[in-house]
Amino acid sequence: MSRVRQPPLVTGISPNEGTSWTKVTIRGENLGTGPADLVGLSICGHNCLLTAEWMSASKIVCRVGPAKDDKGEIIVSTKSGGHGTSTVSFKLLKAEKIGILDQSAVWVDEMNYYDMRTDRYKGISPLSLRPSNPLGIDFDKGKVPLKDLEALFPGVSGEFTSENFSATWYLIENHSVTSFDQLRMAASNLKKQATKKNEGSLAYVKGGLSTFFEAQDALAGLMELGSHDAAIHQRLESDGTERVEGSMTQRLENVLNRASDTADTLFQEVLGRKDKADSTRNALNVLQRFKFLFNLPLNIERNIQKGDYDVVINDYEKAKSLFSNTEVSVFKKVYAEVETRIGALKILLLDKLLETPSTLHDQKRYIRYLSDLHASGDPAWQCISAQHKWILGLMQNCKEEFINYQRVGLGAIALDLEGDPRPSAFSRIRDTAPLNKGGILHTPRHSTWHYETPQQVQFVEKLSDVVIGQLPNFWKLWISYVNGSLFSETGEKSGQVEKSKKNARQRQNDFKKMIEEVTHRLVKLVRGALLPSTLTELELRLYGGWENKTELTGPWLTQVIHIVRIIFEALVALEIPNDLLQVIQDLLLELRHHCLLVTLHHTAEDVKRVAEKEDWVVDNEGITSLPAQFEQCMVQMLQSLKEPMETKPGEVNILQLDQDQASELCVDIIKVFINCLEQLSTKTDRDIDTSRMSVDQASPNLFSGIQEDFCPTLEQRLLIILSNCQYLEKHTFLNLAEHFERHGFTGTEKITRVTVHAVKELDESLFDAYIERKSDPIVGSLEPGIYAGHFDWRDCGTPTGVRNYLKEALVNIITVHAEVFTVSKDLVPRVLSRIIEGVAEEMSRLMQCVSSFSKNGAIQARLEIDSLRDAVASYLSSESHASFKQALEVLPQLHNGADKKLLEELLNKFKSSMQLQLTCFQPSNVQPVKR
């Protein structure tokens, strides 16, 4: 069964009064299901069905007929609902008959003509200017069909008032059988009419020219008489014999002037009233006929206040179609006001559209209104842009709130940006994350977890809640924009849907940048809280500010990595392209890298503490316990990194991603230990803690004077650290390379190479420092010793042996030998060879500076050089041999056999006397004790 419909009910009519044939809009309920369902419509008792236009079940447009009743109801009848009722009425206005002097609001179409009485143009009815017979002769029409005339004269007319008037058509139609004489008379009449029209006011003046001349003569006579009378009157007044109140000519002139002024006043008042009445009548008629336009600005304002934006848009479209191209100034002014109000409405709707937060329904509604008003730009895209900025603002505000709480010292407080007591979006996703797609099962937390968690971790969780909670609506708005569901039926008809789809295709890259900016903002905020060193100075001011932040330990960093992974999974669920999420993957990678760095930092601190506990316990090779402790610390560090560096599905192995970087990380921590060794070598004696110092009593090569409270000198510390450096290079670094390979490091060769190079640099630096401290005094004592006692190579006695300065130099070298041998036998050849190189170079320089030698001087110089060279022969290097050779070449050759014999005797004497001292320069067969 079909449902019985309610009878029609009319609840409104606009306008609610007017004259016959006024177009009205009827609104109500149940006004029919379609044009065929509407069977009756009456206004004030008059049937208006013929002019009715059914628009919808709540709207009908029609024209009011010439009803008898002045006021009546509006009755609608439909097939489905029957005879209806009305809650409103319509007032029918009737035109009244007016007289000439009565005011009227009826529009009278008038045209200009020239009124010679007032010398101006006036308006009369155009019908009064239409002559019934312009030729002035009788009509004598023939039987020429009208169709033939239209065929002969296309595009013209025989009507003489028409713009396309044709005289030939007129003559054939009205005077086809008129005689020639009659036509000649008609031509004469036309000429007279044209002449009369051309003469106009000039002919009128010519007709009364004699009258004008007579009036001029009379006025001239009056002026002469007046002048004579005035002279007499003036003379009498000057004599004082007669007082004349006024001459006859003056009184006449005054009367004429008053008459002229009165006449002008009377006519101006009458003509002014008529002009005012005409203008008032025209204005009232315009106001009545265009009442819709003049009331439209006020109606727009009222409907905007009520929120009836649909009514405003419909009225504006009607006014735009009627008056947008008008040339009437008053219409232009009113329509300009309408445009101003519509412009304000556009601004209002756009402001409401861009307000945040707002629902998706409201956003679509405002976009539809703006599109119907043909607002400039793209409101839908502006809304998307506003939502994008709002999401970015929420993310930024999240950071600011945490920082503000941190500054006022309120501690870690769980912030809810929306004030919603329900679980956050992050919590819901976190607790329901599936395990089959990388989801991680979460263990329950204690109720006071928020107060125990560092603020940076809480901030990352709240930030993820903003992103996960807001991005879905933002994504739906974009999808609606792409498929064109944001526009009304009018928009679909006007092609706005296709235009929207085209704009969406063109702005895909822009939207992609928006999503990219959100992900970048997320990443930068997390970086500002956890990785501030990865941001620029400008980015730090925007996304940093964690002044009092505490450094997170490895477990908390693992929790942050876990939260970021949940964000990544939620964004992947929105089908966001993977290339836009790569920045989050990079963040995960850097967080894992940061976790590695934190662990390395802690390991470095442990290494420093190990170095601070150096007790200087050495064996016969000068090796302390530091290398073994360092190796143990590195092994523990690699074991602690095993779980944090575990690679999840879709992630990369941080240790294999960049072998060079991984190698550098390991090299850095090894260099920390090397730097610690360098710092130990530069400490002064008062910086050394002797409470923990001792020596290896089992070493047979230590000096007998060394006790358990032994405090090494700076030179001894240099030697001990040099010995440690050699042990690191030959043993420790090779062991660490094996550990690195077992834990997945592939760049072990590079690690070994770089660290060995670093320890060699330290070794060279320490070795040079030690040589400088030991070699410079020995080399510096040679020249003063040679020339002691004003010795002169050109004037010296017969040599008796090696002088004392050379013996002292050898004793000093022996002292260095003993000091080095005490710490490490392996360092002896290296140290002595370098010292002897300096001594040989200095001897060569001194010999080359001598200008000449006497025979005795040459023997003495050769004796001392040969003695020195033979004493340290075991430690001579190629440089030393070259220096001694240069020194001997400077000396004069010994050609006398007696001189050579003397030289040999003195050399043997020196070796015999210094035999015990020179024994230390012989190679030792004692092997060092291995650790």
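Here, every reference points to the structure presented above.
A brief look at the structure comes next.

Calculation criteria
Residues numbered from 1 in each chain as written. Predicted model: local features only at pLDDT ≥ 70, side-chain atom pairs only at ≥ 80, totals over all residues. Heavy atoms only, no water. Helix = DSSP H or I, 4+ residues; strand = E, 2+ residues; numbered from the N terminus. Buried < 20%, exposed > 50% of the residue type's maximum accessible area, 1.4 Å probe, protein only. Contact = heavy atoms within 4.5 Å. Areas by Shrake-Rupley, 256 points an atom, 1.4 Å probe, with all protein chains shown as cover. Axes fitted to C-alpha atoms, helices over the stretch in contact; angles between N-to-C directions. Parallel < 35°, antiparallel > 145°, perpendicular 65-115°, else oblique. Pairing = 2+ DSSP bridges. Salt bridge = Lys/Arg side-chain N within 4 Å of Asp/Glu carboxyl O. Core = buried A, V, L, I, M, F, W, Y, C linked by side-chain atoms within 4.5 Å. Polar contact = N/O pair within 3.5 Å; in protein donor to acceptor, adjacent residues only side chain to side chain. Phe/Tyr/Trp six-rings, centres within 6.5 Å; stacked < 30°, edge-to-face > 60°. Left-handed = near helix turned anticlockwise from the far one by under 90°. Expected span 1.5 Å × (residues − 1).

Notes on the overall build of the protein chain
Turning to step 1, where the next piece is worked out: A count of helical and extended segments in the protein chain gives 32 helices and 13 strands.
Turning to step 2, where the next piece is worked out: Expressed as a percentage of its 931 residues, the buried residues of the protein chain come to 41%.
Turning to step 3, where the next piece is worked out: For the protein chain, contacts bridging at least 24 residues in sequence account for 73% of all contacts bridging at least 6.
Turning to step 4, where the next piece is worked out: If you sum the accessible surface of the protein chain, you get close to 53200 Å²; carbon and sulfur atoms cover 52% of it.

A look at the packing of helix α14 (residues 455–483) against helix α17 (residues 508–530)
Turning to step 1, where the next piece is worked out: At a closest axis distance of 10 Å, the pairing of α14 and α17 adopts a crossing angle of 170°. In this view, α14 runs roughly antiparallel relative to α17, as classed from their interaxial angle. Contacts between α14 and α17 involve Gln 456, Phe 459, Val 460, Leu 463, Val 467, Leu 471, Phe 474, Trp 475 and Trp 478 from the first element and Gln 508, Phe 511, Met 514, Ile 515, Val 518, Leu 522, Leu 525, Val 526, Ala 529 and Leu 530 from the second.

Remarks on the sheet that holds strand β1 (residues 9–14)
Turning to step 1, where the next piece is worked out: With mixed pairing, the five strands of this open sheet are ordered in space as β6-β7-β3-β1-β10. Single-partner strands in this sheet number two, and they are β6 (53–56) and β10 (85–86).
Turning to step 2, where the next piece is worked out: Pairing of β6 with strand β7 (residues 59–63) involves three bridges; the strand directions are antiparallel. Looking at β7, one finds that Ser 56 is bridged to Lys 59.

Quick notes on the pattern of salt bridges
Turning to step 1, where the next piece is worked out: Tallying each qualifying case throughout the model produces 25 salt bridges.
Turning to step 2, where the next piece is worked out: Here Arg 341 makes a salt bridge to Glu 301, at a shortest N to O gap of 3.6 Å. Separated by 40 residues along the polypeptide, Arg 341 in helix α9 (residues 329–354) and Glu 301 in helix α7 (residues 291–306) bring together distant segments of the chain.
Turning to step 3, where the next piece is worked out: Judged by relative accessible area, Glu 301 falls into the partly exposed class, the value being 32%.

With respect to the nonpolar core
Turning to step 1, where the next piece is worked out: Grouped together as the largest cluster of nonpolar side chains are 189 residues, with contacts concentrated most on Met 395 and Ile 670.
Turning to step 2, where the next piece is worked out: Residue contributions to this core peak at 14 residues, all from helix α20 (residues 582–612).
Turning to step 3, where the next piece is worked out: The residues contacting Ile 670, other than those within four sequence positions of it, are Phe 630, Met 634, Phe 733, Leu 736, Phe 740, Ile 751 and Thr 755.

Some details on the environment of Tyr 366
Turning to step 1, where the next piece is worked out: Tracing the backbone through its elements, the reader meets Tyr 366 in helix α10 (residues 360–372).
Turning to step 2, where the next piece is worked out: Residue class for Tyr 366 comes out buried when judged on its relative accessible area of 11%.
Turning to step 3, where the next piece is worked out: Distance from Tyr 366 to Leu 353, taken between C-alpha atoms, is 5.8 Å for residues 13 residues apart in sequence.
Turning to step 4, where the next piece is worked out: Reaching out from Tyr 366, the side chain makes a polar contact with the side chain of Arg 365 at a distance of 3.5 Å.

Topic: the packing of aromatic side chains
Turning to step 1, where the next piece is worked out: This model, assessed by the stated rule, comprises 15 aromatic pairs.
Turning to step 2, where the next piece is worked out: Measuring from centroid to centroid gives 5.1 Å for Phe 459 and Trp 546, while their planes differ by 55°, and the two rings are tilted. With Phe 459 in helix α14 and Trp 546 in the loop between α18 (537–543) and α19 (554–573), this residue pair connects regions lying 87 residues apart in the sequence.
Turning to step 3, where the next piece is worked out: Ring geometry for Tyr 875 versus Phe 921: centroids 6.3 Å apart, planes at 70°, classification edge-to-face. Linking Tyr 875 in the loop between α29 (855–871) and α30 (878–890) with Phe 921 in the segment after α32 (915–918), this pair joins segments that are 46 residues apart in sequence. Phe 921 shares its class with Tyr 875; the two are buried.

Re the side chain of Ser 880
Turning to step 1, where the next piece is worked out: Here Ser 880 is to be found in helix α30.
Turning to step 2, where the next piece is worked out: Among the residues examined, Ser 880 registers a relative accessible area of 0% and is labelled buried.
Turning to step 3, where the next piece is worked out: Apart from residues no more than four positions distant in its own chain, Ser 880 is found in contact with Ser 833, Ile 836, Glu 837 and Ala 840.

Digging into the packing of helix α25 (residues 748–780) against helix α27 (residues 804–823)
The description of two packed helices rests on the angle between their axes and on the distance between the axes.
Turning to step 1, where the next piece is worked out: Orientation of α25 relative to α27, taken along the N-to-C sense of each, is 160°, at an axis distance of 9 Å. One element, α25, and the other, α27, form an angle in the roughly antiparallel class. Of the two elements, α25 crosses α27, and the hand of that crossing is right-handed. For the pair α25 and α27, the contacting residues are Tyr 770, Lys 774 and Ile 778 in the first and Ala 809, Asn 812, Ile 813, Val 816, Glu 819 and Val 820 in the second.

Some details on the side chain of Glu 715
Turning to step 1, where the next piece is worked out: Mapping Glu 715 onto the fold places it in helix α24 (residues 714–742).
Turning to step 2, where the next piece is worked out: Here Glu 715 is in contact with Tyr 770, Arg 773, Lys 774 and Glu 819, once residues within four sequence places are set aside.

Some thoughts on α24
Turning to step 1, where the next piece is worked out: Taking 1.5 Å per residue, 29 residues should reach 42 Å; α24 reaches 40 Å between its end C-alpha atoms and fits that length.
Turning to step 2, where the next piece is worked out: Phi for Gly 744, located one or two positions after α24, is positive at around 95°.

Description of the environment of Val 457
Turning to step 1, where the next piece is worked out: Along the chain, Val 457 turns up in helix α14.
Turning to step 2, where the next piece is worked out: Residues contacting Val 457, with those up to four places away along its chain left out, are Leu 552, Trp 556, Gln 559, Val 560 and Ile 563.

Considering unusual backbone geometry
Turning to step 1, where the next piece is worked out: The step from Ser 14 to Pro 15 runs through a cis peptide bond, and the omega angle for that step is -5°.
Turning to step 2, where the next piece is worked out: In this fold, Pro 15 is placed in the loop between β1 and β2 (17–18).
Turning to step 3, where the next piece is worked out: Unusually for a residue other than glycine, Trp 21 sits at a positive phi of about 70°.
Turning to step 4, where the next piece is worked out: Turning to its location among the elements, Trp 21 is positioned in the loop between β2 and β3 (23–29).
Turning to step 5, where the next piece is worked out: Residue classification places Trp 21 among the exposed positions, given a relative accessible area of 52%.
Turning to step 6, where the next piece is worked out: The phi dihedral of Glu 575 falls on the positive side, at around 65°, and the residue is not glycine.
Turning to step 7, where the next piece is worked out: Tracing the sequence through the fold places Glu 575 in the loop between α19 and α20.

Thoughts on the pairing of β3
Within a regular strand, the side chains alternate between the two sheet faces.
Turning to step 1, where the next piece is worked out: Where β1 meets β3, five bridges bridge the pair, whose relative direction is antiparallel. What sits directly across from Leu 9, in β3, is Glu 29.
Turning to step 2, where the next piece is worked out: Bridge count for β3 against β7 is five bridges, and the pairing is antiparallel. Of the residues in β7, the one forming a bridge with Val 24 is Cys 62.

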